[in-house]
Each structure stands twice: as C-alpha cells, then as structure tokens.
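Coordinate inspection notes
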Amino acid sequence: TTAASPTPPATQEVARIQTRSQVRRLTASVFAGNRQPLDTLNLDDFINLDPNGFVSTDLNGEAEVVIEDCLKIFVFQLSSLTRNTCRKSDLESGLAVCTTAGITTVINNCTSKVTIESPSSSVTTNGTMFSVIYLPEDQLSLVQVYEGSVDVSAVMNESGEMSDSSSLEQD
C-alpha cells in the first residue's frame, strides 16, 4: 500500500485565533495559516500565528495553541474549536472560545477569565486546568476539572437562555 500524505480538512476550523499566539504540533497532522488551504506543520517547534489565523487537525492530529503567553489550549483529534464565542451575547466575556465537537483541554494562567462554550454549556474559570468534551450527536457537554474549580451553566433553550451556574471542584 502507498502511504498518503496528510491533507488539511477544507472546512473544519479547529481553532480560530484573534490575538497574539503560537501553535505547534504535538502529533501529526496539524495545519495552520491565515487562509485555506492551510500549511502543514512539519516540525514540532512553535510557529507564530497571525491574528485571525486558523489551526486544524485530522484524525491523528494534536496541537498546542498558546495565546498571549498565558493560556494553553490543547486540541485533539477531530475536535472543532473557534476563537469566537458560540453566543453573540458573550462576545465581551474576556478570553472565550467555542468548541463544537471533540475534546478541548485548557490551562489558564491568565489574569482574565477564560470561557469555553459549547452549544449546550458555558464553562468559566480562573487559573485552573480543565477539559470540555462536546458530543454533537447527543448535544451533550462533559466537563472534567483537574485543578481548582469551574462554574458551569447549561443552555436551556434554542434562544441561548442559560441556567444558574454550578461550581465544579477538581476531581
């Protein structure tokens, strides 16, 4: 059999970055750039990512994105993440990203709050490590807290109304 070279997914945005950031691949295949088709990252070294740049992975890819030298986001195989919020009402919530599929792990050492949204939840934290897993076929969000605590709210209806937040502690 002939080995096929990896090709970037044409439509899947795994991360859209709007501030100063760097990206590196942890495992192949990771793609980055400001326009389609994205360049393949062939080295494990960090590269600068211009504002509004994109990062995507295929089934085997894992990437590390560092934003403003204080926020690390790890993007795993076939995850979908964008550096915009899911809900327009949350655009001014600080550092916020929207995950639309798969696993996103966050390490926050920034002074501002970080919000990870999915179509069914909103997770806000300060200085903690956590993961948000969104299963689009079930419209289900799973939150795992590894350090500290996070506040989690559920999306109650299609208009985006949120429930009261509940605090989740580590473990």
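As a reminder, the structure under discussion sits directly above these lines.
Presented here is an overview of the structure given in this document. On a predicted model such as this, the values are computed, not experimentally measured, just so you know.

1. With respect to the pairing of strand S12 (residues 121–125)
By the criterion of burial, S12 is predominantly enclosed, with five of the five residues buried. Examined bridge by bridge, strand S11 (residues 114–118) and S12 share five bridges and lie antiparallel to one another. Residue pairing for S12: Val 114 is matched across the bridge by Thr 125. Counting the residues in the hairpin turn of S11 and S12 gives two residues. As defined by bridge partners, S12 adjoins strand S15 (residues 149–154) across four bridges and the pair is classed as antiparallel. By the bridge assignment for S15, Ser 121 is matched with Ala 154.

2. Examining the pattern of salt bridges
Evaluation of the coordinates by the stated rule reveals three salt bridges. Its salt-bridge partner being Glu 64, residue Arg 24 comes within 2.7 Å of it at the nearest N-O pair. Separated by 40 residues along the polypeptide, Arg 24 in strand S2 (residues 21–27) and Glu 64 in strand S7 (residues 62–67) bring together distant segments of the chain. Notably, a salt bridge pairs Lys 72 with Glu 64, separated by 3.6 Å at the nearest N-O pair. Overall, the relative accessible area of 3% leaves Glu 64 in the buried class. Beyond isolated ion pairs, a larger network of salt bridges with shared partners links Arg 24, Glu 64 and Lys 72.

Definitions and limits used
- Residues numbered from 1 in each chain as written.
- Predicted model: local features only at pLDDT ≥ 70, side-chain atom pairs only at ≥ 80, totals over all residues.
- Heavy atoms only, no water.
- Buried < 20%, exposed > 50% of the residue type's maximum accessible area, 1.4 Å probe, protein only.
- Helix = DSSP H or I, 4+ residues; strand = E, 2+ residues; numbered from the N terminus.
- Pairing = 2+ DSSP bridges.
- Salt bridge = Lys/Arg side-chain N within 4 Å of Asp/Glu carboxyl O.

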